[in-house]
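# Working through the structure, step by step
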Amino acid sequence: MFKSKLLRQLPLHLMIAPSFILVLIFSYGPIAGLVIAFQKFSIVKGMFGSPFVGWDNFDYMFKLPDIWQVVRNTVGIAVMKIAAGLAVPILVALLLNELRKQVFKRWIQTIIYLPHFLSWIILGGVLIDILSPTAGIVNQFLGIFGIKPIFFLGSVQWFPGVVVISDVWKEFGFSTIVYLAALAGINPALYEAAVIDGANRWKQTLHITLPGIVPIIVLLATLSLGNVLNAGFDQIFNLYSPVVYESGDIIDTLVYRLGLEQAQYSLATAVGLIKSVVSIVLISGSYYLAYRFANYRIF
Amino acid sequence: MNITSLSGRIFNIGNSIFLLLLAFLCLFPLINILAVSLSSSTAASAGEVSLWPVDFTWQSYHFVMQKPEFLKSLGISVERVLLGTTLNMLLTIMLAYPLSKESSAFKGRLFYVWFFVLTMLVSGGLIPWYLVIQKLHLLGTIGALILPGAVNVFNAVLLLNFYRGLPRELEEAAFVDGAGYWKILWSIYVPLSMPAIATLILFSMVGHWNSWFDGLILMNSPDKYPLQSYMQTVVINRDLSLVSMADANSLGDISDRTLKSAQIFLAALPIICVYPFLQRFFIKGVVVGSVKE
């Protein structure tokens, strides 16, 4: 009694089937739906009935008055976030690594990881409150030094800075985990040898600790290239207002307003599609670089 | 052996103080919000509150806990977390098992792997995603909140790596004893993977609790919003139609600001409560996902 291989493995296919169907609908469905970027889409006529208009939506998109400003904002904010999001966690991980008391170190870690787990709704609410020009604690504090209240979230100059700093504040603690893991992997014998050779702690950091984590730094820096067009929708959507569109409007928020507020479905999809294509090129490029320079493979 | 130079000791002290300050900076905004929520409206609007409540009062919490909109959205959030996490875990457990097999032992594995992994790289974007859900008539139903994100490929990859770490002899012995794939998955793999599954359960719960955007755009009317989407409208967007009359004519010791602070703190509270458990697990999970040897 030998059943055929296919029949014997049927349970394995059945286990995958529900996930397969859901992914087919909710991931591949929208990918197929990208055709509406080339249509004059209307809800009534649907995807199959709407007329094709070629590249019209893309032409129109590049003629939008704010489009280049939005691209500049997106790249500007994203690049600042990437740079600060690399530098701060490395520094903090190095400092944490120098702590001698393990209990103290664990306490600090526990506290600085916390903001990562709160949503931008909660943190947005917190930021709006503490940055408020009337009774917010930050302006109260600045008032001690005679600084007049600043409307941080309503000022074109301040907005990008607030976005970058608050993002670093939320994520820096959690980002140290990877570096701390790399630091824990450094061979202790290297430090012992360095001590015998007369190296002090600064020299040890410079010649053993830093070179020990350079590979992971290079890897994460390369991989973050894929995020150059991701300035953080969740955060900006909850902090911005029309007053700061000039410096705070990004591609993702523009897509949201065009598509879901103004119901210009085809145009919004076209903008999103261009962003995805550029992102995929950047991601593939960064994975290729990571593979070349850090010998990293995802799969 | 423990000879520390003077400069070394100064560095140690300075470093400890700096890191303490940093940790304080992470907690301070939350403590401030908590203090404001427990203060009287006059103290809050005068900006007198920093770390400790001024004119301590529970009024804001009393008010929020009686607010029907808040309680309703809280109920929807709880429903979503329970249903969504259950579905997530069932699918992840079943998806990871076949994919953890060697390609030679499971015909078709390679096709499935590419099918799922590709979705991590390519997506249709916001508008087509919205239109698909609309087309399926899911708008305004709980299905819109749990079905589109039900399959988490990243979690499945984490779990399949854990499955692979289990000794294969167990499965072979079970086969000899006449067990099938289903039996092996539920009686051997799942019990043995409980540490990994517990981690994923916590991640999934936190993810569902924190989601707000899907609720905002998919639920049609505010009375179906989960808590975080509801918060988006009252705390952040200040949609006046949702601020009930009682909010506007705040009485006695409560004001718009103390009420908002109380709601923010209540929405963060479940995360703070599961955090100690989460924290024990997640370091492992993150490191497995991000660093490969």
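The rules behind these values
Residues numbered from 1 in each chain as written. Chains lettered and ligands numbered in written order. Predicted model: local features only at pLDDT ≥ 70, side-chain atom pairs only at ≥ 80, totals over all residues. Helix = DSSP H or I, 4+ residues; strand = E, 2+ residues; numbered from the N terminus. Contact = placed C-beta atoms within 7 Å. Rg over C-alpha atoms; globule rule 2.2 N^0.38 Å. Buried ≥ 20, exposed ≤ 12 C-beta atoms within 10 Å, placed from the backbone. Axes fitted to C-alpha atoms, helices over the stretch in contact; angles between N-to-C directions. Parallel < 35°, antiparallel > 145°, perpendicular 65-115°, else oblique. Left-handed = near helix turned anticlockwise from the far one by under 90°. Nonpolar A, V, L, I, M, F, W, Y, C, P; charged D, E, K, R; others polar. Core = buried A, V, L, I, M, F, W, Y, C linked by C-beta atoms within 7 Å. Domains from an automatic or database assignment. pLDDT = per-residue confidence, 0-100.

## Considering the overall build of chain B
- Secondary structure assignment for chain B yields 15 helices and zero strands.
- Within chain B, contacts between residues separated by at least 24 positions form 70% of all contacts whose residues are at least 6 apart in sequence.

## A word on the overall build of chain A
- Within chain A, the secondary structure is distributed over 15 helices and zero strands.
- Relative to a compact globule of 299 residues, whose C-alpha radius of gyration would be 19 Å, chain A shows 25 Å and is clearly more extended.
- Along the longest, intermediate and shortest principal axes, the C-alpha atoms of chain A span 85 × 75 × 35 Å.
- Relative to its 299 residues, chain A shows a buried fraction of 34%.

## Focus: helix 10 (residues 188-196) of chain A
- With respect to burial, helix 10 of chain A is a largely exposed element, only zero of its nine residues being buried.
- Among the residues trailing helix 10 of chain A, G198(A) stands out with phi positive, at a value near 90°.

## What to know about the packing of helix 2 (residues 10-32) of chain A against helix 4 (residues 68-99) of chain B
- The geometry of helix 2 of chain A relative to helix 4 of chain B is characterised by a closest axis approach of 8 Å and an angle of 135° between their N-to-C directions. One finds that helix 2 of chain A runs oblique with respect to helix 4 of chain B. Between helix 2 of chain A and helix 4 of chain B lies a crossing whose hand is left-handed. Here L12(A), M15(A), I16(A), P18(A) and S19(A) of helix 2 of chain A come into contact with helix 4 of chain B, specifically with L91(B), M94(B), L95(B), Y97(B) and P98(B).
- Split into classes, the residues belonging to the contact of helix 2 of chain A with helix 4 of chain B amount to nine nonpolar, one polar and no charged.

## Here we look at the interface of chain A and chain B
- Contact with chain A, which involves 66 residues of that partner, is made by 74 residues of chain B.
- For the side of chain A that touches chain B, the residue count by class is 44 nonpolar, 16 polar and six charged.

## Looking at unusual backbone geometry
- The phi torsion at A263(A) lies on the positive side, around 55°, for a residue other than glycine.
- Classification of A263(A) by C-beta neighbours within 10 Å gives partly exposed; the count is 13.

## Regarding the environment of S241(A)
- Position of S241(A) among the secondary structure elements: in the loop between helix 12 (233-239) and helix 13 (245-248).
- Remark: the alpha-carbon pair of S241(A) and D197(A), spanning 44 residues in sequence, is separated by 59 Å.

## Quick word on the nonpolar core
- In this structure, V271(A) and L159(B) are the most contacted members of the largest nonpolar core, which totals 136 residues.
- The biggest single contributor to this core is helix 4 of chain B, with ten residues.
- Split by domain, this core shows at least three residues from each of two domains, domain 1 (5-49) and domain 2 (65-294) of chain A.
- Beyond its immediate chain neighbours, meaning those up to four positions away, V271(A) contacts M61(A), I251(A), L254(A), V255(A) and L258(A).

## Description of the confidence of the model for chain A
- Model confidence for chain A is summarised by a mean pLDDT of 90, while 97% of its residues fall at 70 or above.
- Here helix 1 (residues 5-8) of chain A stands out as the least confident element of chain A, with mean pLDDT 78; helix 2 of chain A is the most confident, with 96.

## Focus: the confidence of the model for chain B
Residue and element names in this part refer to chain B.
- Scored by pLDDT, chain B comes out at a mean of 86, with 88% of its residues at no less than 70.
- Looking over chain B, one finds the lowest element-wise mean pLDDT in helix 14 (residues 245-248), namely 45, and the highest in helix 4, namely 96.
- Segment residues 240-250 is flagged for pLDDT under 50; beyond a separation of four residues in sequence, or across chains, it makes eleven contacts in the model.

## Examining the domain arrangement of chain A
Residues and elements named next belong to chain A.
- As far as domains go, chain A holds domain 1 (5-49) and domain 2 (65-294).
- Taking only C-alpha atoms, the centre of domain 1 and the centre of domain 2 are 34 Å apart.
- Taken together, the six residues of domain 1 in the interface contact five residues of domain 2.
- In terms of residue class, the side of domain 1 that touches domain 2 is built from four nonpolar, one polar and one charged.

## Quick notes on the packing of helix 5 (residues 67-98) of chain A against helix 9 (residues 159-184) of chain A
Residues and elements named next belong to chain A.
- One can describe the packing of helix 5 onto helix 9 by two numbers: an axis separation of 6 Å at closest approach and a directional angle of 45°. The angle between the axes of helix 5 and helix 9 places the two elements in the oblique class. By crossing handedness, the relation of helix 5 to helix 9 is classed as right-handed.
- Its residues assigned to classes, the contact of helix 5 with helix 9 comprises 17 nonpolar, five polar and three charged.

## Observations concerning the environment of S132(A)
- With respect to the secondary-structure elements, S132(A) resides in the loop between helix 7 (120-130) and helix 8 (137-144).
- Measuring from C-alpha to C-alpha, the distance between S132(A) and F38(A) comes to 44 Å, with 94 residues separating the pair along the chain.

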